Amino acid sequence: SKNTQISVLLRPSTINSINANKAVEVVVIKALGITLVPGDIVESSAAELAQLFAHYHTILSCTGFIAGLGTQLKIARAALAGGPPSRRLNPGRL
């Protein structure tokens, strides 16, 4: 739909990186009209993530298992906490 907006949660250090490769990736993401949301799925609590996710209808997790033990479950709990009853969660490799 033309009204669909996409946002990507990235660590602030990635968004503000001086690393040339990361900086190019950030520019490309922005050029696609994707909104960058600063956050950290590893360091943030489920409650903090829930606040970040509160504005979104659909949450897609593309982290796989690399984020560490329990992270996918934390994302799932945060995505479902306080969200609208119609909220969708695609947990990736859960």
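Our structure is the block above this text.
Residues numbered from 1 in each chain as written. Predicted model: local features only at pLDDT ≥ 70, side-chain atom pairs only at ≥ 80, totals over all residues. Heavy atoms only, no water.

Student: So what about helix α3 (residues 46-53)? Which residues, and what values?
Tutor: Among the residues of α3, Leu49, Ala50 and Phe53 are the ones counted as buried. Considered in projection along α3, the buried side chains sweep an arc of 105° and stay on one side of the axis. Counted as exposed and oriented over 90 degrees from the buried face of α3: Ala47 and Gln51. In this fold, the buried residues of α3 make contact with β1 (7-10), β3 (58-60) and α4 (71-80). (Buried < 20%, exposed > 50% of the residue type's maximum accessible area, 1.4 Å probe, protein only. Helix = DSSP H or I, 4+ residues; strand = E, 2+ residues; numbered from the N terminus. Arc of directions from axis to C-beta. Contact = heavy atoms within 4.5 Å.)

Student: Requested: an account of the packing of α3 against α4, with residues and values cited.
Tutor: Interhelical geometry of α3 versus α4 gives an angle of 50° and a closest axis separation of 8 Å. By the angle between their axes, α3 is oblique relative to α4. Judged by the sense of rotation from one axis to the other, the crossing of α3 with α4 is right-handed. Between α3 and α4, the residues in contact are Ala46, Leu49, Ala50 and Phe53 and Lys74, Ile75, Ala78 and Ala79, respectively. (Axes fitted to C-alpha atoms, helices over the stretch in contact; angles between N-to-C directions. Parallel < 35°, antiparallel > 145°, perpendicular 65-115°, else oblique. Left-handed = near helix turned anticlockwise from the far one by under 90°.)

Student: Give me a nonpolar patch on the surface: which residues, what numbers.
Tutor: On the surface, Val24, Val28 and Leu32 cluster together to form a nonpolar patch covering roughly 300 Å² of accessible area. Assignment of secondary structure puts Val28 in helix α2 (residues 20-31). On the basis of relative accessible area, Val28 is assigned to the partly exposed category, the value being 46%. (Patch = residues over 30% accessible without salt bridge, like charges linked within 9 Å, V, L, I, M, F, W, Y side chains within 5 Å. Areas by Shrake-Rupley, 256 points an atom, 1.4 Å probe, with all protein chains shown as cover. Salt bridge = Lys/Arg side-chain N within 4 Å of Asp/Glu carboxyl O.)

Student: Can you tell me about the side chain of Ser44, naming the residues and giving the values?
Tutor: Relative to the elements of secondary structure, Ser44 occurs in the loop between β2 (35-38) and α3. A polar atom in the side chain of Ser44 sits 2.8 Å from the backbone oxygen of Asp40. When sequence neighbours within four positions are dropped, the list of residues in contact with Ser44 reads Leu49 and Lys74. (Polar contact = N/O pair within 3.5 Å; in protein donor to acceptor, adjacent residues only side chain to side chain.)

Student: Give me the lowdown on the environment of Cys62, citing residues and values where you can.
Tutor: Inspection of the secondary structure puts Cys62 in the loop between β3 and α4. Between the alpha carbons of Cys62 and Gln72 there is a distance of 9.6 Å; along the sequence they are ten residues apart.

Student: Can you lay out the nonpolar core for me, pointing to particular residues and giving the numbers?
Tutor: Judged by nonpolar contacts, Ile41, Leu49, Ala50, Phe53, Ile59, Ala67, Ile75, Ala78 and Ala79 together constitute the single largest core of nine residues. The set of elements that each furnish at least two residues to this core consists of α3 and α4. Setting aside anything within four residues of it in sequence, one finds Leu49 in contact with Leu9, Asp40, Ile41, Ser44, Lys74 and Ala78. Within the second largest apolar cluster, six residues are counted, among which are Ile15, Ile29, Ile34 and Leu36. (Core = buried A, V, L, I, M, F, W, Y, C linked by side-chain atoms within 4.5 Å.)

None of the figures reported here should be taken as evidence of function without further support.
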